[in-house]
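# Results of the structural survey
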Amino acid sequence: MLFDSPVVRVRQPGKILPTQAKYEILDDKRKRLAFAEETDRRTRVQMLKATLPTAPPPDARILTVTGADDQAILVLTRHPDGRLAEVHRPDGGLVGRMRATGTTRHYSLTDDQGQVVATVVGELSLKHFQVTTPPKNRIARISKTWAGPVKEWLTPSDHYKVEFTGPAPEPARTLIVMMAIVLDLALYGPM
């Protein structure tokens, strides 16, 4: 299993004006498990225009997730409306979906058959999210963590910690780790 560590960290490299989303996925000993990188690179002008109130809605965001051996293992697609994200295998097979239900504080994680495998609910601060299975058993917690003064003040780079507190079988485990990236893209990440 790819993300079998009890703690998984998702970190963005620090850049003042990033032109694409990038994330390192590390285990609890900070060993690199995977790397996620947006496939489309935007220019700095496009990035600045995207922050304007008159900017058109963003396009779909597609990130390729590669393993420690630099081979593609997953493809994460965040749809243009921002309320749906999908995780596929490189061959196109669906792993599961993450859908905002109500607000950007509530998400439903479903498998390839559309069955709910977990729900994610955030606190009002949008920095701590509880993950539960359908019978309301808590299995994980996703937290936005302090990235340090330089990254916090000068860049849009953020760090996340995923703590598994109960059994999380596949595909829930993979979707929970990818949820940290989806939350960053939706709430804090680069435009």
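Let me begin by describing the structure that accompanies this report.

### Re the side chain of Thr-174
Here Thr-174 is to be found in helix α3 (residues 172–188). A residue is classified by how much of its surface remains accessible, and Thr-174, at 7% relative accessible area, is buried. Not counting residues up to four positions away in its chain, the partners in contact with Thr-174 are Phe-3 and Leu-74.

### As for the pairing of strand β6 (residues 84–88)
When you tally the buried positions in β6, you get five out of five residues, the bulk of the element. Residue alternation in β6 divides its side chains into two sets, Leu-84, Glu-86 and His-88 and Ala-85 and Val-87, and both sets are buried. Note: strand β5 (residues 72–78) against β6, four bridges, orientation antiparallel. Across the sheet, Val-75 pairs through a bridge with His-88, a residue of β6. Hairpin connection from β5 to β6: five residues lie between these consecutive antiparallel strands, with Gly-82 at a positive phi of about 80°. Where β6 lies against strand β7 (residues 94–100), five bridges are found, and the strand directions are antiparallel. Across the sheet, Leu-84 pairs through a bridge with Arg-99, a residue of β7.

Calculation notes
Residues numbered from 1 in each chain as written. Predicted model: local features only at pLDDT ≥ 70, side-chain atom pairs only at ≥ 80, totals over all residues. Heavy atoms only, no water. Helix = DSSP H or I, 4+ residues; strand = E, 2+ residues; numbered from the N terminus. Buried < 20%, exposed > 50% of the residue type's maximum accessible area, 1.4 Å probe, protein only. Contact = heavy atoms within 4.5 Å. Pairing = 2+ DSSP bridges.

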